[in-house]
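Residues per chain are reported as follows:
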Amino acid sequence: MAIKIEKKIVGYQVHTDASAAIKEAEVEQQPKPIEMNEKIERPDFLLGSTYKVKTPVDEHALYITINDIILNEDTDHEVRRPYEVFINSKSMEHFQWVIALTRVISAVFRKGGDITFLVEELSSVYDPNGGYYKKGGVFMPSLVAEIGAVIEKHMKCIGLIESEELSDTTKQILAEKRAEFEQAAKANTAESSAKEEPSPFPDTAQLCKKCNTKAVIIMDGCATCLNCGDSKCG
Ligand SMILES: [Zn+2]
């Protein structure tokens, strides 16, 4: 029977043959795991973590809250992903750009796909006024990088980024090297006075280009990072 089309054609669908239809039916039998996308409605309840960040550039601490969504709960495809980020602080000095940044980051979270690039982007922001050292000798090039570091920590926590652990042998070698270095340093200098923020690495350690930590010592002509194990002789 012929059908007269009286309205404008606004869409069409290709008629599939039987084999394609069967394939489709097969796929439908196992429900497709839900991937993160911006159409997912925000559940009323989300699990979150709040990180307190104290920086030398601000007298007030920053509180960074990251809420996660769990997709495909209780299935093989269960995945926990960050859904939104909020940043709170008593000081309103950075208010405007912090709000903008959190909104953009949250939007990227909800887009789905690989979101770990955010960490790299944020971590490579350099403050023209210079960065600062954190406890443990880690260099922070900016407040933005600090926010990136928190997001990285969180992503490692929920298993979205694999944390690179040093092997036990490497750890042992570094511990021995360090003991030897400290012994030698003690012989050379008198006891140093108490510091405000004791670094886990020797005072004279240099900044490591690989892990951004003040943990590189030079012994027997070789520079070795006590934090990540990076080593160069020359
Ligand atoms: Zn290092």
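Scroll up a little and you will see the structure.
Rules and cut-offs
- Residues numbered from 1 in each chain as written.
- Predicted model: local features only at pLDDT ≥ 70, side-chain atom pairs only at ≥ 80, totals over all residues.
- Pairing = 2+ DSSP bridges.
- Helix = DSSP H or I, 4+ residues; strand = E, 2+ residues; numbered from the N terminus.
- Axes fitted to C-alpha atoms, helices over the stretch in contact; angles between N-to-C directions.
- Expected span 1.5 Å × (residues − 1).
- Buried ≥ 20, exposed ≤ 12 C-beta atoms within 10 Å, placed from the backbone.
- Core = buried A, V, L, I, M, F, W, Y, C linked by C-beta atoms within 7 Å.
- Arc of directions from axis to C-beta.
- Contact = placed C-beta atoms within 7 Å.

J.: Describe the sheet that holds strand β8 (residues 222–225), listing the residues and the values that go with them.
T.: Here we have four strands laid out as an open sheet, ordered β6-β7-β8-β9, and antiparallel in their pairing. Two strands lie at the open edges of the sheet, namely β6 (206–207) and β9 (231–233), each paired on one side alone. The sheet contact formed by β8 and β9 spans three bridges and is antiparallel. Bridge pairing links Thr 224 to Ser 231 in β9.

J.: A description of the sheet that holds strand β1 (residues 47–53) should follow, citing residues and the corresponding values.
T.: With antiparallel pairing, the three strands of this open sheet are ordered in space as β1-β2-β3. Looking at the sheet topology across the chains shown, the edges are occupied by β1 and β3 (79–89). Each strand axis lies, on average, 20° off the axis of its neighbour in the sheet, ignoring direction. Here ten bridges tie strand β2 (residues 62–71) to β3, and the two strands are oriented antiparallel to one another. Looking at the pairing, Asn 67 lines up with Glu 84 of β3.

J.: If you had to explain helix α4 (residues 143–157) to someone new, which residues and values would you point to?
T.: With 15 residues, α4 should reach 21 Å at 1.5 Å per residue; the first-to-last C-alpha distance of 21 Å fits that figure. The element α4 is extensively covered by neighbouring structure, given that eleven of its 15 residues are classed as buried. The positive-phi residue at the C-terminal boundary of α4 is Gly 159, with phi of around 85°.

J.: Can you lay out the pairing of strand β7 (residues 214–219) for me, pointing to particular residues and giving the numbers?
T.: For β6 and β7, the ladder comprises two bridges, and the chain directions are antiparallel. The partner of Leu 207 across the bridge, within β7, is Lys 214. In this antiparallel pair of consecutive strands, β6 and β7, the connection spans six residues, and Asn 212 shows a positive phi of 60°. With four bridges connecting them, β7 and β8 associate as antiparallel partners. Bridge pairing in β8 links Ile 218 to Ala 223. Where β7 folds back onto β8 in an antiparallel hairpin, the turn is made up of two residues, including Asp 220, whose phi is positive at roughly 50°.

J.: Requested: an account of the nonpolar core, with residues and values cited.
T.: If you look at the biggest cluster of nonpolar residues, it comprises 21 residues, and the most contacted ones within it are Ile 64, Leu 122, Ile 147 and Ile 151. Residue assignment for this core shows that the elements contributing at least two residues are β2, β3, α2 (95–111), α3 (117–123) and α4. Residues Leu 174, Ala 215, Ile 217 and Cys 225 belong to the second largest nonpolar core, which totals nine residues.

J.: So what's going on with unusual backbone geometry? Residues and values would help.
T.: Phi is positive for Asn 212, which is not a glycine, with a value near 60°. Inspection of the secondary structure assignment puts Asn 212 in the loop between β6 and β7. Residue class for Asn 212 comes out buried when judged on the 21 C-beta atoms lying within 10 Å of it.

J.: Give me the lowdown on α2, citing residues and values where you can.
T.: For the α-helix, the turn length of 3.6 residues means that residues three or four positions removed from each other point alike. Between its first and last C-alpha, α2 extends 25 Å over 17 residues, near the 24 Å set by a 1.5 Å rise per residue. Within the span of α2, buried status applies to Val 98, Ile 105 and Phe 109. Take α2 and look down its axis: the buried residues cluster within an arc of 45°, on one side only. Exposed positions of α2 whose direction lies more than 90 degrees from the buried face are Gln 96, Trp 97, Ile 99, Ala 100, Val 104, Ala 107 and Lys 111. Packed against the buried residues of α2 are β3 and α3. Just past α2, the residue Gly 112 takes up positive phi, approximately 85°.

Purely geometric stuff here, so don't read any function into it on its own.
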